[in-house]
Amino acid sequence: MLLDSKIPEGPLAEKWDKHKFNVKLVNPANKRKYDVIVVGTGLAGSSAAASLAELGYNVKAFTYHDSPRRAHSIAAQGGINAAKNYQNDGDSVFRLFYDTIKGGDYRAREANVYRLAQVSVNIIDQCVAQGVPFAREYGGLLANRSFGGAQVSRTFYARGQTGQQLLLGAYSALSRQVAYGKVKLYTRSEMLDLVMVDGVARGIVTRNVLTGEIENHAAHAVVLATGGYGNVFYLSTNAKLCNVTAAWRAHKKGAYFANPCFTQIHPTCIPVSGDYQSKLTLMSESLRNDGRVWVPKTVEMAQRLRKGEIRVQDIQEDDRDYFLERKYPAFGNLVPRDVASRNAKMMCDEGRGVGSTGLAVYLDFAEIIQRTGAEAVSQKYGNLFAMYEKITGEDPYKLPMRIYPAVHYTMGGLWVDYNLQTTIPGLYATGECNFSDHGANRLGASALMQGLADGYFVIPYTIGDYLAQTAPKPVDTQHPAFAEAKAGVQARTEQLLAIKGTRTPDQFHKALGHIMWEYCGMARNAEGLRHAKTEIQRLRKEFWSDVRVVGTGEELNQTLEKAGRVADFLELGELMVDDALARNESCGGHFREEYQTPEGEALRDDENFAYVAAWEYQGDNQPEKLNKEELTFENVKLTQRSYK
Amino acid sequence: MAGSNPNAKPMNLTLNVWRQPNRNTEGRIVEYKVKDISPEMSFLEMLDVLNEDLLHAGEDPVAFDHDCREGICGSCDLFINGRSHGPEKGTTTCQLHMRKFSDGDTITIEPWRANAFPVNKDLSVDRSAFDRIIQAGGYISVNTGGVPDGNEIPVPKEIADRAFEAATCIACGACVAACKNASAMLFVSAKVSQLALLPQGHAERKTRVENMVAQMDKEGFGACTNIGSCAAECPVGISLENIAMLNREFIVAKATSNNLA
Ligand SMILES: Cc1cc2nc3c(=O)[nH]c(=O)nc-3n(C[C@H](O)[C@H](O)[C@H](O)COP(=O)(O)OP(=O)(O)OC[C@H]3O[C@@H](n4cnc5c(N)ncnc54)[C@H](O)[C@@H]3O)c2cc1C
Ligand code: SF4
Ligand code: FES
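The rules behind each value
Residues numbered from 1 in each chain as written. Chains lettered and ligands numbered in written order. Predicted model: local features only at pLDDT ≥ 70, side-chain atom pairs only at ≥ 80, totals over all residues. Heavy atoms only, no water. Helix = DSSP H or I, 4+ residues; strand = E, 2+ residues; numbered from the N terminus. Buried < 20%, exposed > 50% of the residue type's maximum accessible area, 1.4 Å probe, protein only. Domains from an automatic or database assignment. Contact = heavy atoms within 4.5 Å. Buried area = accessible area lost by both parts, 1.4 Å probe. Salt bridge = Lys/Arg side-chain N within 4 Å of Asp/Glu carboxyl O. Pairing = 2+ DSSP bridges. Core = buried A, V, L, I, M, F, W, Y, C linked by side-chain atoms within 4.5 Å. Axes fitted to C-alpha atoms, helices over the stretch in contact; angles between N-to-C directions. Parallel < 35°, antiparallel > 145°, perpendicular 65-115°, else oblique. Left-handed = near helix turned anticlockwise from the far one by under 90°. Nonpolar A, V, L, I, M, F, W, Y, C, P; charged D, E, K, R; others polar. Near = heavy atom within 4 Å. Polar contact = N/O pair within 3.5 Å; in protein donor to acceptor, adjacent residues only side chain to side chain.

> Would you mind showing me how to read unusual backbone geometry here?
A positive phi angle, near 70 degrees, is found at A:Leu420, a position not held by glycine. Inspection of the secondary structure assignment puts A:Leu420 in the loop between strand 16 (413–414) and strand 17 (427–429). For A:Leu420, a relative accessible area of 0% corresponds to the buried category. Notably, B:Asn226 is not glycine yet its phi reads approximately 55 degrees, a positive angle. Note on placement: B:Asn226 falls in the loop between helix 6 (205–218) and helix 7 (229–233).

> Just to check I follow, could you spell out the domain arrangement of chain B for this structure?
How large an interface is tends to be reported as the accessible area lost when its parts come together. Residues and elements named next belong to chain B. One can read the domain layout of chain B as domain 1 (11–120) and domain 2 (128–255). Between domain 1 and domain 2, the residue contacts involve 19 residues of the former and 18 residues of the latter. Buried surface at the junction of domain 1 and domain 2, both sides included, amounts to about 1,300 Å², of which 58% is carbon and sulfur. Interface area lost by domain 1 to domain 2 is led by Ser84, Ala116 and Phe117, which between them contribute 35%. Viewed at the interface, domain 2 and domain 1 are joined by one salt bridge. Two residues, Glu233 and Arg83, come together in a salt bridge whose shortest N-O distance is 2.9 Å.

> Any chance you could explain the sheet that holds strand 19 (residues 625–630) of chain A here in plain terms?
Strand pairing in a sheet relies on backbone hydrogen bonds. The paired strands run either parallel or antiparallel. All names here are of chain A. Strand order across the open sheet formed by four strands is 16-10-18-19, with antiparallel pairing between neighbours. Two strands close off the open sheet at either side, each with one partner strand: strand 16 and strand 19. Sheet analysis places strand 10 (residues 257–258) next to strand 18 (residues 611–616), joined by two bridges and oriented antiparallel. By the bridge assignment for strand 18, Phe257 is matched with Trp615.

> Even after reading the chapter, I still don't get the nonpolar core, so can you show me in this structure?
Within the largest apolar cluster, 217 residues are counted, with the highest numbers of intra-cluster contacts made by A:Ile80, A:Phe134 and B:Phe221. For this core, the leading source of residues is helix 16 (residues 558–582) of chain A, giving twelve residues. Judged by nonpolar contacts, the second largest core, of 29 residues, contains A:Tyr276, B:Met11, B:Leu44 and B:Leu47.

> Please clarify how the packing of helix 3 (residues 157–167) of chain B against helix 5 (residues 185–197) of chain B should be interpreted in this entry.
Geometry of a packed helix pair, given as the angle between the helix axes and the separation of the axes. All names here are of chain B. For the pair helix 3 and helix 5, interaxial distance at closest approach is 8 Å and the crossing angle is 160 degrees. It follows that helix 3 is roughly antiparallel to helix 5 by the angle criterion. The element helix 3 and its partner helix 5 pack so that their crossing is left-handed. Across the interface between the two elements, Ile159, Arg162, Ala163, Ala166 and Ala167 of helix 3 pack against Ala190, Ser193, Gln194 and Leu197 of helix 5. Considering only residue class, the contact of helix 3 with helix 5 consists of six nonpolar, two polar and one charged.

> I tried to follow the side chain of A:Thr597 on my own but got confused; where do I start?
As for its position among the elements, A:Thr597 is in the loop between helix 16 and helix 17 (606–609). Beyond its immediate sequence surroundings of up to four residues, A:Thr597 is in contact with A:Ala602 and A:Leu603.

> Sorry, what's going on with the site of ligand 1 here?
Residue and element names in this part refer to chain A. In the region of ligand 1, 37 residues are neighbours, and Ser73, Gly78, Met191, Glu432 and Leu448 sit closest. At 2.9 Å from an oxygen atom of ligand 1 is found a main-chain nitrogen or oxygen belonging to Ala44. One nitrogen or oxygen atom from the main chain of Leu448 is found 2.8 Å from an oxygen atom belonging to ligand 1. The greatest single-element share of the shell around ligand 1, amounting to three residues, is contributed by strand 6 (residues 189–197). Among the residues forming the shell around ligand 1, the class breakdown is 16 nonpolar, 18 polar and three charged.

> Looking at this structure, how should I read the interface of chain B and chain A?
Across the contact, 78 residues belong to chain B and 84 residues belong to chain A. A combined buried area of about 6,600 Å² lies between chain B and chain A, and 50% of that area is made up of carbon and sulfur atoms. Between A:Asp66 and B:Arg127 there is a salt bridge, with the nearest N and O atoms lying 3.6 Å from each other. The tally of links between chain B and chain A comes to 44 residue pairs in polar contact (both at pLDDT 80 or more). Counting only elements with at least two residues in the side of chain B that touches chain A, the list comes to helix 1 (43–56), strand 6 (119–121), strand 7 (124–125), helix 2 (128–135), helix 3 and helix 5 of chain B. Ranked by residues supplied to the side of chain B that touches chain A, first place goes to helix 3 of chain B with seven residues. Of the residues that constitute the side of chain B that touches chain A, the class distribution is 34 nonpolar, 25 polar and 19 charged.

> How should the pattern of salt bridges be read in this particular structure?
When the charged atoms of two side chains lie near each other, side chains of opposite charge can form a pair. Residue and element names in this part refer to chain A. One pass over the structure, following the stated rule, counts 67 salt bridges over all chains. Arg320 is the salt-bridge partner of Glu317, the closest N and O atoms lying 4.0 Å from each other. Under the relative-accessibility criterion, Glu317 is labelled partly exposed at 45%. Residues joined by salt bridges that share partners form a network here, namely Asp105, Arg107, Arg583, Glu585, Arg604 and Asp606.

> What should I look at first to understand the domain arrangement of chain A in this one?
Residue and element names in this part refer to chain A. Assigned domains within chain A: domain 1 (36–264 + 409–467), domain 2 (266–407) and domain 3 (483–629). In this structure, domain 1 and domain 3 have C-alpha centres spaced 23 Å apart. Listed by partner, the interface residues are 45 residues for domain 1 and 57 residues for domain 3. Contact with domain 3 buries surface across domain 1, with Arg107, Val232 and Tyr234 losing the most and accounting together for 17% of the total. One salt bridge in this structure joins Asp105 and Arg604, with 2.8 Å as the shortest N-O distance. The tally of links between domain 1 and domain 3 comes to 24 residue pairs in polar contact (both at pLDDT 80 or more). Residue assignment for the side of domain 1 that touches domain 3 shows that the elements contributing at least two residues are strand 6, strand 7 (200–208), strand 8 (214–218), helix 6 (245–252) and strand 10. Broken down by element, the side of domain 1 that touches domain 3 gets its largest block of residues, five residues, from helix 6.

Put into structure tokens, the structure is as follows:
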């Protein structure tokens, strides 16, 4: 199939307005005749479900959580970008667009990113109107900070809990539509398959996780807003339950999966403390605005520190290497995430890491505390400091934080065109679930922006275009495709229960995560990736003959849920490795050791790899087919990113 | 290990865990032993260890709710040794670490107890009553689009900060579990205060408080008798001032109601 990104004609700045004018509109009297399924009620899903219901469509919203407010979006800390230029510091739609394209290492689509920057301003207005309590200046106006390497202050925030406040805003809009009866909310319902009728998306199969009941649901269109797949690494900053199942099931039904190897490793997370570790906790990037990253200058000193022979306080200023400030004088501690992460890894690889494992660097607040006082620092970062102390037992007001990179975000996801439609007609993907706007690396504070842009301001228009061309006839679950999909889900559940092996889903998940982190993590090379591929295949085989799930399918069975998710991760992992192997260049979060500049920076190959890799499923155990969407850049000049 | 206390010794613990197959079956406390628990572990990681042991033994693992494991999603909800979220103040179950316990301890772990929160299984309870209270009015009625510029609605910083404080409620339900009347006043008041404080919320101020309180009563939560255990056990420090504010809002609303029905 030829990939058509459906980018509208015309100058960049006019594309979206023109497109909004050109899309077909659904007659207002007909809107109530269309049913739309939204899977996922995080930022992307709640905003979409609420907005579609407001327009008059009948929405069914699904989440495996007990409430929409529990979605992983709730955990976002630092903030949300918008090109408001309230600070008069030179921001503009074009600058936000430019920064995002550049930050993504020129692997995103210009038209999408420009639209994202355009609607960013509307998001802030919307959230304020909903009562989202953003940080304010004393004059009562909205406050901003600079975040994640941006040189303008365009980030809006609510202390260190921006995701929580934005999600609660979207959740309130959704709740209002539930009260009006325009959204039917299905909580504790996990989508386990997509149903297609005559080549278009027609519904989903879900499992009620409390009763185990498998159900069919039909609609005229389906939106997946099911989040990212970072948990393929087992340890990540994602919430424990985040998984790829919904997107993966759609992929197996024909939706292409784009750039799966583009994963973001976040530089500032609390380091692993033991084998029992179940997840990693992010320390917001905003901390890099005021914290200084360093390691001891010499390996010898680092060793003594690790053994406890000296304390961090004993290391004199001259013996500290503020390596980001040293190597990147222009950006210093604010270099993009991929650069910061890789440098931390380099320091630890050199033997200069700290903490008893040596897999950590310091993030030090001594200077800012001295300059502005502990109270001012607490105003800004209080909850993060408290969280750090709870987890590590150390007080960051007194001792520098120890941090290490961890898997955080997945830029890859379901391939979508400009309308956010996947390669399956009638199936849309929004938020972290799609691949669209961040290229090979996402800038801080732009995932929240993207999720809400998709849900509030893009999908309501683009889905209308599709529905306007679909007959407003009632849909139901009578078609045999529903029974077939349901039987498939039932059979898989029974298969997982029947294996009765010796290893738990968590054991398999950890083993997979280990392979992914070692070979498809912060640095990759062809040999390692090939090794990973055979390892994953072996592990997947073992899984299907040796996994242990107890209990039945007709009850709350969290082991069964986990097993199903791990099974899908085991397939996705292999595709990530294939993708990383096929991309013979380094860009953004994808660092292939074979392709680097003499200074050890990522070496892109625009000649051969300025494309989106969109993988097409070919059947069980068949190699997937690579389709390419060439990226053209007409408004920015491709340069080697330099943050020196 | 990389944590603060490399000398901390692994612990052996006795756990008394509430087991209940489903909503309609009686539950009971079952005793388990866990060994070699690192003080650096979180409480839920300790339960992970128990569950892996149970699975290997072919027994049904203990069901409990959790997700973010960083104190923000409000999923985790264990009643530990008779206290909501356990012994550490201002801490959710997932952020509680085993360094707060000692070798040889016996720990009792139960679900939230409240009529409005029926048990799903073991330690997992149904808190959908909270969603229904929000649906009754915990929002500002604005549609997407057509709203004024964000800076056209100035909000004094002190007001914005107070609204934010109230808005940080994670809907965990610890307040209900801590209250001998199983009242949901702290939860409801946090949302009422947030929206009553902000200028955007003023238009629906009266109907909101009336409708939310009515829904709260309908869900079967108990009455508030101003004891304050809720705020004492709230992991995010939602203050009792919110309840005072709710009461004021409610009286004013009743006296000057816009509800024409
Ligand atoms: C710790 C942390 C901090 C972050 N901080 C920031 C920040 O400061 N700024 C920023 O811009 N971004 C940040 N991010 C990234 C950002 O939070 C996420 O990318 C974004 O919230 C994802 O939103 P979403 O709506 O796409 O998905 P999610 O919020 O993950 O929601 C997914 C939804 O899908 C549902 N779901 C999934 N699968 C199924 C299924 N099979 N069946 C039924 N339901 C399903 C879930 O129940 C949930 O409702 C952060 C991420 C992390 C991990
Ligand atoms: S008020 Fe506190 S204890 Fe009650 S639900 Fe909210 S966060 Fe939990
Ligand atoms: S698991 Fe999210 S608050 Fe505890």
